[in-house]
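What follows is each chain in one-letter form.
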Amino acid sequence: MDAAVRQNQTSEVFANYQIPPNFLDEVFRAPGEVHPHYQAVYQQFLEFSKEEFKTLNEHAKMSFFNQGITFSVYSDKAKGVERIFPFDLFPRIIPAAEWAKVEKGILQRCVAMNLFIQDIYSNQHILKNKVVPADLIFSSKNYLKAMIGVKPVGGIYNHISGTDLIKHSDGEYYVLEDNLRCPSGISYVLSNRVAMKRTLFQMFRQFNVETVGEYPQELLATMQSVAPRGIDAPTCVVLTPGVYNSAYFEHAFLALTMGVPLVEGRDLYVDKNFVYMKTINGPKRVDVVYRRLDDDFLDPMEFKPDSMLGVPGIMAAYKKGNVNLINAPGTGFADDKAVYTYVPDIIKYYLQEEPILNNVHTYRCEKDDDYQYVLENMDKLVIKPVDESGGYGILIGSKATKEQISEFKTLISENRRKYIAQPVMNLSTHATFIEGDDQFEPRHVDLRSFCLLGKDRQFVLKGGLSRVALKKGSLIVNSSQGGGSKDTWVMAEDGASQSMQQNGSMEQSMTLNGETMTMGPQGMSIGTQGSMSMGKPGAE
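What counts and what doesn't
Residues numbered from 1 in each chain as written. Predicted model: local features only at pLDDT ≥ 70, side-chain atom pairs only at ≥ 80, totals over all residues. Heavy atoms only, no water. Helix = DSSP H or I, 4+ residues; strand = E, 2+ residues; numbered from the N terminus. Buried < 20%, exposed > 50% of the residue type's maximum accessible area, 1.4 Å probe, protein only. Contact = heavy atoms within 4.5 Å. Core = buried A, V, L, I, M, F, W, Y, C linked by side-chain atoms within 4.5 Å. Axes fitted to C-alpha atoms, helices over the stretch in contact; angles between N-to-C directions. Parallel < 35°, antiparallel > 145°, perpendicular 65-115°, else oblique. Nonpolar A, V, L, I, M, F, W, Y, C, P; charged D, E, K, R; others polar. Pairing = 2+ DSSP bridges. Salt bridge = Lys/Arg side-chain N within 4 Å of Asp/Glu carboxyl O. Polar contact = N/O pair within 3.5 Å; in protein donor to acceptor, adjacent residues only side chain to side chain. Left-handed = near helix turned anticlockwise from the far one by under 90°. Patch = residues over 30% accessible without salt bridge, like charges linked within 9 Å, V, L, I, M, F, W, Y side chains within 5 Å. Areas by Shrake-Rupley, 256 points an atom, 1.4 Å probe, with all protein chains shown as cover.

### What about the overall build of the protein?
Logical step 1: Within the protein one finds 13 helices and 29 strands.
Logical step 2: Looking at the 540 residues of the protein, the share that counts as buried comes to 56%.
Logical step 3: Once local pairs closer than 6 in sequence are excluded, the contacts in the protein between residues at least 24 apart make up 68%.

### Considering the nonpolar core
Logical step 1: Residues Phe14, Phe45, Tyr215, Tyr290, Phe440 and Trp489 are the most contacted members of the largest nonpolar core, which totals 64 residues.
Logical step 2: No other element matches helix α7 (residues 186-204), which puts nine residues into this core.
Logical step 3: Core analysis: the next-biggest nonpolar cluster, separate from the first, contains 48 residues, Tyr143, Met277, Val286 and Ile346 among them.

### Some details on the packing of helix α8 (residues 215-225) against helix α9 (residues 248-258)
Logical step 1: Where α8 meets α9, the closest approach of the two axes is 9 Å, and the angle between their N-to-C directions is 80°. One finds that α8 runs roughly perpendicular with respect to α9. Taken together, the residues of α9 that come into contact with α8 (itself represented by Tyr215, Pro216, Leu219, Leu220 and Met223) are Leu254, Thr257 and Met258.
Logical step 2: A class-by-class count of the residues in the contact of α8 with α9 yields seven nonpolar, one polar and no charged.

### Here we look at the sheet that holds strand β12 (residues 284-285)
Logical step 1: An order of β10-β11-β12 is seen for the three strands of this open sheet, with the pairing classed as antiparallel. Looking along the sheet, the strands with just one partner apiece sit at the ends: β10 (268-271) and β12.
Logical step 2: Relative to β12, strand β11 (residues 274-277) is paired through two bridges, and the arrangement is antiparallel. The residue bridging Met277 from the neighbouring strand is Lys284, located in β12.

### Quick look at the sheet that holds strand β9 (residues 262-263)
Logical step 1: Spatial ordering of the open sheet is given by β9-β8-β13-β14, a layout of four strands whose pairing is parallel. Looking along the sheet, the strands with just one partner apiece sit at the ends: β9 and β14 (324-326).
Logical step 2: Summarising the sheet, strand β13 (residues 288-291) and β14 pair through three bridges and their orientation is parallel. Following the sheet pairing, Val288 is matched in β14 by Asn324.
Logical step 3: The sheet contacts of α8 involve β8 (236-239), β13 and β14, and relative to β8 the element is tilted by about 110°.

### As for the pattern of salt bridges
Logical step 1: Within this structure, the stated rule accounts for 29 salt bridges.
Logical step 2: Lys61 is the partner of Glu58 in a salt bridge, and the nearest nitrogen-oxygen pair spans 3.5 Å. Of this pair, Glu58 and Lys61 both sit in helix α3 (residues 50-67), three residues apart, roughly one helical turn.
Logical step 3: What makes Lys61 partly exposed here is its relative accessible area of 33%.
Logical step 4: When salt bridges that share partners are traced, they join Asp164, Asp446, Arg448 and Arg467 into one network.

### Focus on the side chain of Thr235
Logical step 1: Tracing the chain through its elements places Thr235 in the loop between α8 and β8.
Logical step 2: Its relative accessible area of 12% is what places Thr235 among the buried residues.
Logical step 3: Looking at Thr235, its side chain comes within polar contact range of the main-chain oxygen of Arg285, at 3.5 Å.
Logical step 4: Among residues more than four places away in sequence, those in contact with Thr235 are Met277, Lys284, Arg285, Val286, Asp287 and Val288.

### Digging into the packing of α3 against α7
Logical step 1: Where α3 meets α7, the closest approach of the two axes is 9 Å, and the angle between their N-to-C directions is 135°. Relative to α7, the element α3 lies oblique. Pair α3 / α7 crosses with right-handed handedness. Between α3, through Leu56, His59, Ala60, Ser63, Phe64, Asn66 and Gln67, and α7, the contact on the second element is made entirely by Ser191, Asn192, Val194, Ala195, Arg198, Thr199 and Leu200.
Logical step 2: Classifying every residue of the contact of α3 with α7 gives six nonpolar, seven polar and one charged.

### Looking at unusual backbone geometry
Logical step 1: With omega at -15°, the peptide bond leading from Ile326 into Asn327 counts as cis.
Logical step 2: Its location among the elements puts Asn327 in the loop between β14 and α11 (343-351).
Logical step 3: With a phi angle near 55°, Gln352 is a residue other than glycine that sits in the positive phi range.
Logical step 4: Summarising the element assignment, Gln352 is placed in the loop between α11 and β15 (358-359).
Logical step 5: Gln352 sits in the exposed class, given a relative accessible area of 63%.
Logical step 6: With phi around 55°, Asp438 is a residue other than glycine that occupies positive phi space.
Logical step 7: Here Asp438 is to be found in the loop between β20 (429-434) and β21 (439-454).

### Side note on the pairing of strand β6 (residues 160-167)
Logical step 1: Among the eight residues that make up β6, eight are buried, leaving the element largely enclosed by the rest of the structure.
Logical step 2: Here β6 pairs with β21 via six bridges, running antiparallel. When the sheet's bridge partners are listed, Ile160 is paired in β21 with Leu452.
Logical step 3: Sheet topology note: the β6/strand β7 (residues 173-179) ladder contains six bridges and is antiparallel. Note that in β7 the partner of Leu165 across the bridge is Val175.
Logical step 4: Connecting the antiparallel pair β6 and β7 is a turn made up of five residues, with Gly171 showing a positive phi of about 85°.

### Regarding a nonpolar patch on the surface
Logical step 1: Taken together, the side chains of Met62, Phe65 and Ile84 present a nonpolar region at the surface, about 270 Å² in accessible area.
Logical step 2: Structurally, Met62 is set in helix α3.
Logical step 3: For Met62, a relative accessible area of 44% gives the class partly exposed.

And the structure:
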């Protein structure tokens, strides 16, 4: 078929695609005309009829069902409801050159934030030099006096960071927020790739996409790099609040894929400032704990005395240097959304570099001028609490009723420190298959990236969690608010080789502690192939 004819051809599922005005659509630059880096994938999707695509979509959903990939929604209408994570088959594509700048910016930001946290809990030079207001730090509920003077192994505090990015209508990436308290979502990144391969692996194999499957290995290496001094073969564990936590799937997933024990607080105890794990062979010393519970619940002897989830005495062992905690307690003050406004200054202060990634202009309601502006322009702003996550407590002024705006004005006036405001950013849109309408429509997307910092090692995942606001016109993409996700394809440079072995059947494998983890169209297995699987045996 003539190329020009094919270019103008639209299958049934794209026939009614309307590019919204004032927004950057990442797939289409005009009706029926795609951006060059989407051309090959788009041509593949044009081959599918509506019925064929519905069948593929059901197959992808079944892949998630069989992998047991769920999350909990805590909205007012559906408290604690377990849902299969919505997944859209049309991948988000980021060209290699574009990603190179993003990756460099993410690493710059995370390194600077680590130096910031270290400084705040030691000499506080940045406060003495009045680059960041001291009262802004000390008024954060996530600032921990218990961390003053504590220097973890390697001087690393934010071992795992999740930087949320958006692509604005000007084509530039902006950081929306930093997440320095063990951010979630990586299990969905890896599961999305598995679902993509299961459903469309013949198409996937035609593209030179950077792998994401090495993340568990990189995370384990990061944990091992910051083990207490003198430990050659550290014992690492994942500490979970338990099966009722909304992210329990991810805790189990990471423990399984790293090949380390998944423990609850009751599985650990402290004796003479050393942490031990109860096993059938007797106590086993634990050296590094990837904890997935909040600071307040970590140690009832140091924080909330009624916590049943933590480990009594673990903070004392941590301060003695006998165990390391990932991430360090007290990192939360640095991802406070009011502190966010100073991140460009923080980068310049510690690294003497210009920020690579843009910040969104932010109004701090604590400041009189900003407060007055916010009150007068709430219908044009997004109001956010500084210490919440998951999209909770946000007001988008342009979509709010007069009653909701009035209610927020009262909330802000009662606690101005708690709120910031930002202009409504034009989040880019991406073609997304909408069930019911059975066609592709533009939906807003963002990107959560993942960065690891260890002793003398750094790693940024080439990809991330592209979150999709499934509700038409919505700008809130969080999964906890009913959003979905896409597989994110960072394209490799021409001729670049992937770091993992990849065979013709689209399986990726790596050796870990003498065992082999395989990830491919048939799911994920560890050890002797098929002996431990993330999917249900025989499900596919």
